[in-house]
Amino acid sequence: MMSNLQQLQERLAKRVCICLNKSFAQLTTIGCGGEIAIVAYPTTIRQFRLCLRWAKRLSVPHLVLGRGSNLLASDDKFLGLVICTTRLSKVRRFATTVWCQCGASTARIAKYCAARGLTGAEFWYCLPASVGGAVVMNAGCFGADTSSIVSRVYYLEGTRLCSISGRQCRFGKRTSLFKQSDKVVVAAKLRLGRGNSKAIRARCKAMMAKKRLTQPLGQKTFGSAFFNDSGTASRLIDQAGLKNFRIGDAKVSNLHAGFVINIDKATSFDIYLLLRHVQSQVYLRFGEILSLEVQTTGFFEETNDLGRLPHSH
Ligand SMILES: Cc1cc2nc3c(=O)[nH]c(=O)nc-3n(C[C@H](O)[C@H](O)[C@H](O)COP(=O)(O)OP(=O)(O)OC[C@H]3O[C@@H](n4cnc5c(N)ncnc54)[C@H](O)[C@@H]3O)c2cc1C
């Protein structure tokens, strides 16, 4: 008898582009993580919906992935469906409103806006994110975050297409209503201002240049791995003497203590142990809780809650 996974593969293969030989190591910027049974690349919302519907109907675990720049997946094989959104990348503009599908790259949208004299999305130029991932995480830098430009979000709940205003998204520090929920972001509407293309482009480039000086951007990483309420995470990690601390090929960056990097062949478990070590050391030294900004999947405890760490009191 065919397993549910095989049935899903057979059903999807007729309607959606699928791959059976991918791993999280190939699909994430940290460059580690196990094989994936099925990866689907929907190109239309209809196909996206179909993937979700069949995964649910056959009770196959599924995960939506954007550009994989904020995800640590375990080394074990994922016996489920990863729905990769990168081919859902349409962009449309109406005056100062830009409508973009979830898989569009934020950097591309920033360039698109700059070319049309639309200002507000410059900080997106510096993020290696998809629009969906940026909405889910309320990604931001240089004092701006995604909530400041998103006026409406379209999402699938089950297979129902719904939409809510930016205000209803419950955006917070690196979080939103969509984080760890069943709601899947399919598109976002941006409200931007008018500006001078040349000046907007120059701002994008200046931000990127600043990032290059302070962050190890050419490396395998998922950006700042931690955050805390006071915004002091990387300073505390530095003060705890953890820069360059290494477990296997997983290392705390020398340039930016908030960044964990895979220097060559780190396993996800190396990275995971390093993240936990940093959290517990900072807690023991300064009594400060660092939450994990990076999302994890397939681990024993998928939690940001330092209270559950063995070292906490
Ligand atoms: C070099 C580097 C620099 C970075 N700098 C910054 C920075 O300055 N500021 C910042 O905030 N972040 C930064 N990040 C982190 C990262 O880019 C952001 O968190 C980004 O928003 C993640 O987007 P993604 O498309 O890669 O999401 P993914 O990593 O693919 O997914 C992240 C989470 O969102 C979920 N998800 C993705 N798409 C959808 C969707 N359509 N619907 C529902 N759930 C979805 C996934 O299941 C996962 O749980 C950086 C990362 C790197 C590698």
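Values in this document were obtained by computation on a predicted structure and should not be read as measured data. (Residues numbered from 1 in each chain as written. Predicted model: local features only at pLDDT ≥ 70, side-chain atom pairs only at ≥ 80, totals over all residues.)

Student: Looking at this structure, how should I read the nonpolar core?
Tutor: Across soluble globular proteins, you tend to see nonpolar side chains buried next to one another. Ala40, Cys51, Val185 and Ile271 are the most contacted members of the largest nonpolar core, which totals 91 residues. In terms of residue count, helix α8 (residues 268-286) provides more of this core than any other element does, seven residues in total. Dropping the residues within four chain positions of it, Cys51 is found in contact with Leu12, Val16, Ala40, Pro42, Leu81 and Ile83. (Core = buried A, V, L, I, M, F, W, Y, C linked by C-beta atoms within 7 Å. Buried ≥ 20, exposed ≤ 12 C-beta atoms within 10 Å, placed from the backbone. Helix = DSSP H or I, 4+ residues; strand = E, 2+ residues; numbered from the N terminus. Contact = placed C-beta atoms within 7 Å.)

Student: Mind showing me how you'd approach the packing of helix α4 (residues 106-115) against helix α6 (residues 197-214) here?
Tutor: Between two packed helices, the angle of one axis relative to the other and the distance separating the axes together describe the packing. At a closest axis distance of 8 Å, the pairing of α4 and α6 adopts a crossing angle of 155°. Taken as axis vectors, α4 and α6 run roughly antiparallel relative to one another. Residues Ala110, Ala114 and Ala115 of α4 lie in contact with α6, whose contacting residues are Ser197, Ile200, Arg201 and Cys204. Taken together, the residues of the contact of α4 with α6 break down into five nonpolar, one polar and one charged. (Axes fitted to C-alpha atoms, helices over the stretch in contact; angles between N-to-C directions. Parallel < 35°, antiparallel > 145°, perpendicular 65-115°, else oblique. Nonpolar A, V, L, I, M, F, W, Y, C, P; charged D, E, K, R; others polar.)

Student: Can you help me understand the site of the ligand in this one?
Tutor: Every one of the 33 residues lining the ligand counts as a neighbour, but Gly66, Ala129, Gly132, Gly133 and Gly223 are closest to it. Put simply, the parts of the chain that give the shell around the ligand at least two residues each are β3 (62-65), α5 (131-137), β9 (140-141), β13 (184-191) and β15 (220-224). The element best represented in the shell around the ligand is α5, accounting for five residues. Considering only residue class, the shell around the ligand consists of 18 nonpolar, 13 polar and two charged. (Near = placed C-beta within 6 Å.)

Student: Before we go on, may I ask you to explain the domain arrangement of the protein in this structure?
Tutor: Interface extent is often summarised as the accessible area lost during association of the parts. On domain assignment, one finds that the protein holds domain 1 (4-84), domain 2 (91-199) and domain 3 (215-308). Domain 1 and domain 2 are separated by 23 Å when their C-alpha centres are compared. On the side of domain 2, 12 residues touch domain 1, which itself brings 11 residues to the contact. Classifying every residue of the side of domain 1 that touches domain 2 gives four nonpolar, four polar and three charged. (Domains from an automatic or database assignment.)

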